[in-house]
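If you want the building blocks of each chain, they are given just below.
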Amino acid sequence: QVQLVESGGGLVLPGGQLRLSCAASGSSFSCNAGSTFTILSMGWYRQAPGKERELVATITCYSRTNYADSIQGRFTISRDSAENTVLLQMNSLTPEDTAVYYCNALTRNRNEFWGRGTQVTVSS
């Protein structure tokens, strides 16, 4: 069982920046052979009021990244020195980025896990 804990959300001005963090526990984020519960990819999704949850960015166990077209060039996803943690550096934020941001993990046995979310609000 994987547990995901997000942090780093808050209120920022347009043009500002935030750094989100997601820490995974209960399994390993690694491409090495092992349990079927090994995490193969992690990422971030977001959901604004009245809208469907949408992809923001993902990163695989071998550090391949993928970004939504709408945010590419402004956000960067990465793995920190503790490899069970992923970071999302968000720059040049706009009010349209306001949403609850959810951490996601996908395991080798095709199970998907979600964090509880962290609120990001961009407003003057």
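Quick caveat, the model's predicted, so the values are computed rather than measured. (Residues numbered from 1 in each chain as written. Predicted model: local features only at pLDDT ≥ 70, side-chain atom pairs only at ≥ 80, totals over all residues. Heavy atoms only, no water.)

(A) Structural context of the environment of Q89. Of note, Q89 is situated in strand β8 (residues 85-90). In this structure the C-alpha to C-alpha distance between Q89 and F113, which are 24 residues apart in sequence, comes to 21 Å. Residue contacts for Q89: discarding those within four places in its chain leaves Q17, L18, R19, R74, F75 and T76. A polar atom in the side chain of Q89 sits 3.0 Å from the side chain of Q17. (Helix = DSSP H or I, 4+ residues; strand = E, 2+ residues; numbered from the N terminus. Contact = heavy atoms within 4.5 Å. Polar contact = N/O pair within 3.5 Å; in protein donor to acceptor, adjacent residues only side chain to side chain.)

(B) Summary view of the pairing of strand β7 (residues 75-79). Side chains F75, I77 and R79 project from β7 onto a buried face, and the interleaved T76 and S78 project onto a face without burial. The pairing of β7 with β8 spans five bridges and is antiparallel. By the bridge assignment, S78 is partnered in β8 with L87. (Buried < 20%, exposed > 50% of the residue type's maximum accessible area, 1.4 Å probe, protein only. Pairing = 2+ DSSP bridges.)

(C) Examining unusual backbone geometry more closely. You will see that S63, though not glycine, has its phi angle at about 75°, which is positive. Note on placement: S63 falls in the loop between β5 (54-60) and β6 (65-67). Backbone geometry places S92, a non-glycine residue, at a positive phi of 50°. Along the chain, S92 turns up in the loop between β8 and β9 (99-107).

(D) Summary view of the nonpolar core. In this structure, M42, W44, L88, M90 and Y101 are the most contacted members of the largest nonpolar core, which totals 31 residues. Of all the secondary structure elements, the ones that give two or more residues to this core are β3 (18-25), β4 (39-47), β5, β7, β8, β9 and β11 (118-122). Filtering out sequence-adjacent residues up to four positions away, M42 remains in contact with L4, C22, A24, F29, T58, I59, I77, N84, V86, C103, N104 and A105. (Core = buried A, V, L, I, M, F, W, Y, C linked by side-chain atoms within 4.5 Å.)

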